[in-house]
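Now for the letters of each chain:
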Amino acid sequence: NAGVTQTPKFQVLKTGQSMTLQCAQDMNHNSMYWYRQDPGMGLRLIYYSASEGTTDKGEVPNGYNVSRLNKREFSLRLESAAPSQTSVYFCASTLTGSNQPQHFGDGTRLSIL
Amino acid sequence: GDSVTQMEGPVTLSEEAFLTINCTYTATGYPSLFWYVQYPGEGLQLLLKATKADDKGSNKGFEATYRKETTSFHLEKGSVQVSDSAVYFCALSEAGSNYQLIWGAGTKLIIKP
């Protein structure tokens, strides 16, 4: 079972470059999420999508855009990367509902020089 | 708004010691509660959950009881192993927040042989 697949696993960018992080899930989940994880700060929600065709801002959306391409795929784009966006990015998905856990990908480790 | 507070880490224990990681929450409604674990270099995975008061979630020797009267969901294990070394996250979700997970900051656990 693939679950949630993120690509790439690692990436190094220069300041000002753009990049799209890809996420796909094969569990027929409605909701998908993008988080960033920084040392000592836990997980912070960037954007989420409650269903195909909808996206909403989370806690830290500035500098990012997202696309819910279809039910399976949810991409995160950095239009002009900044060193402050150096982080580990996680995609997650779930069925909508209060007792439904989120399933996570293995993360993308992004460094911006 | 809703929030989750975890004890700060790192928590360092010897193998076979008893573990408690404290978690308390603030919620406007009646949340579901979760513990997630993140092993080094990996994404988060659900460890256990509880959806109503007095429920006990358990998995891999870990337990946590949903205590509505004290708004707590403390994680416990009777005898830890080196392989339990990881970061542990407490989280909640409820209808009032569109079932988004509200995360604690995470507690790093280090088990020494």
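Going by the structure above, here's the rest.
Source: prediction; values computed, not measured.

Conventions we followed
Residues numbered from 1 in each chain as written. Chains lettered and ligands numbered in written order. Predicted model: local features only at pLDDT ≥ 70, side-chain atom pairs only at ≥ 80, totals over all residues. Heavy atoms only, no water. Phe/Tyr/Trp six-rings, centres within 6.5 Å; stacked < 30°, edge-to-face > 60°. Helix = DSSP H or I, 4+ residues; strand = E, 2+ residues; numbered from the N terminus. Buried < 20%, exposed > 50% of the residue type's maximum accessible area, 1.4 Å probe, protein only. Pairing = 2+ DSSP bridges. Core = buried A, V, L, I, M, F, W, Y, C linked by side-chain atoms within 4.5 Å. Disulfide = S-S within 2.5 Å.

> Explain the packing of aromatic side chains to me, using residue names and the numbers behind them.
Residue and element names in this part refer to chain A. Per the stated rule, a full pass over the model turns up 14 aromatic pairs over all chains. Their ring planes at 25° and their centres at 6.2 Å tell us that Tyr33 and Tyr48 sit as a pair that is stacked. Of this pair, Tyr33 sits in strand β4 (residues 31–37) while Tyr48 is found in strand β5 (residues 43–49), placing the two residues 15 residues apart along the sequence. The exposure class assigned to Tyr48 is buried, which follows from its relative accessible area of 11%.

> Help me get a handle on the pairing of strand β5 (residues 32–38) of chain B, residues and values and all.
Residues and elements named next belong to chain B. With seven of seven residues buried, β5 is to be regarded as a mostly interior element. By the alternation rule, side chains of β5 split into Ser32, Phe34, Tyr36 and Gln38 and Leu33, Trp35 and Val37, which are all buried. Sheet topology places β5 next to strand β10 (residues 86–93); seven bridges connect them, and they run antiparallel. Pairing of Ser32 across the sheet is with Ser93, part of β10.

> Run through the nonpolar core, naming residues and quoting values.
Judged by nonpolar contacts, the single largest core of 25 residues is most densely connected at Trp35, Leu47, Leu48, Phe62, Phe73, Leu75 and Tyr88 of chain B. Of the residues forming this core, the biggest block, four residues, is contributed by β10 of chain B. Among the nonpolar cores identified, the runner-up in size contains 20 residues, and Tyr47, Val66, Leu78 and Ala81 of chain A belong to it.

> Provide a residue-level description of the state of the cysteines, including the pertinent values.
Within this structure, the stated rule accounts for two disulfides over all chains. Linked covalently through their sulfurs, Cys23 of chain A and Cys91 of chain A form a disulfide whose S-S length is 1.9 Å. Torsion about the S-S bond of the Cys23 of chain A and Cys91 of chain A cystine: about -75°, corresponding to left-handed handedness. Within this pair, whereas Cys23 of chain A is found in strand β3 (residues 19–25), its partner Cys91 of chain A is found in strand β9 (residues 87–94), the two being separated by 68 residues in sequence. Here Cys23 of chain A and Cys91 of chain A have matching classes, each one buried. Across a sulfur-sulfur distance of 1.9 Å, Cys23 of chain B and Cys90 of chain B are joined as a disulfide pair. Here Cys23 of chain B and Cys90 of chain B share a disulfide; its torsion about the S-S bond, -70°, makes the bridge left-handed. Placement of Cys23 of chain B in strand β4 (residues 23–26) and of Cys90 of chain B in strand β10 is noted, with a sequence separation of 67 residues between them.

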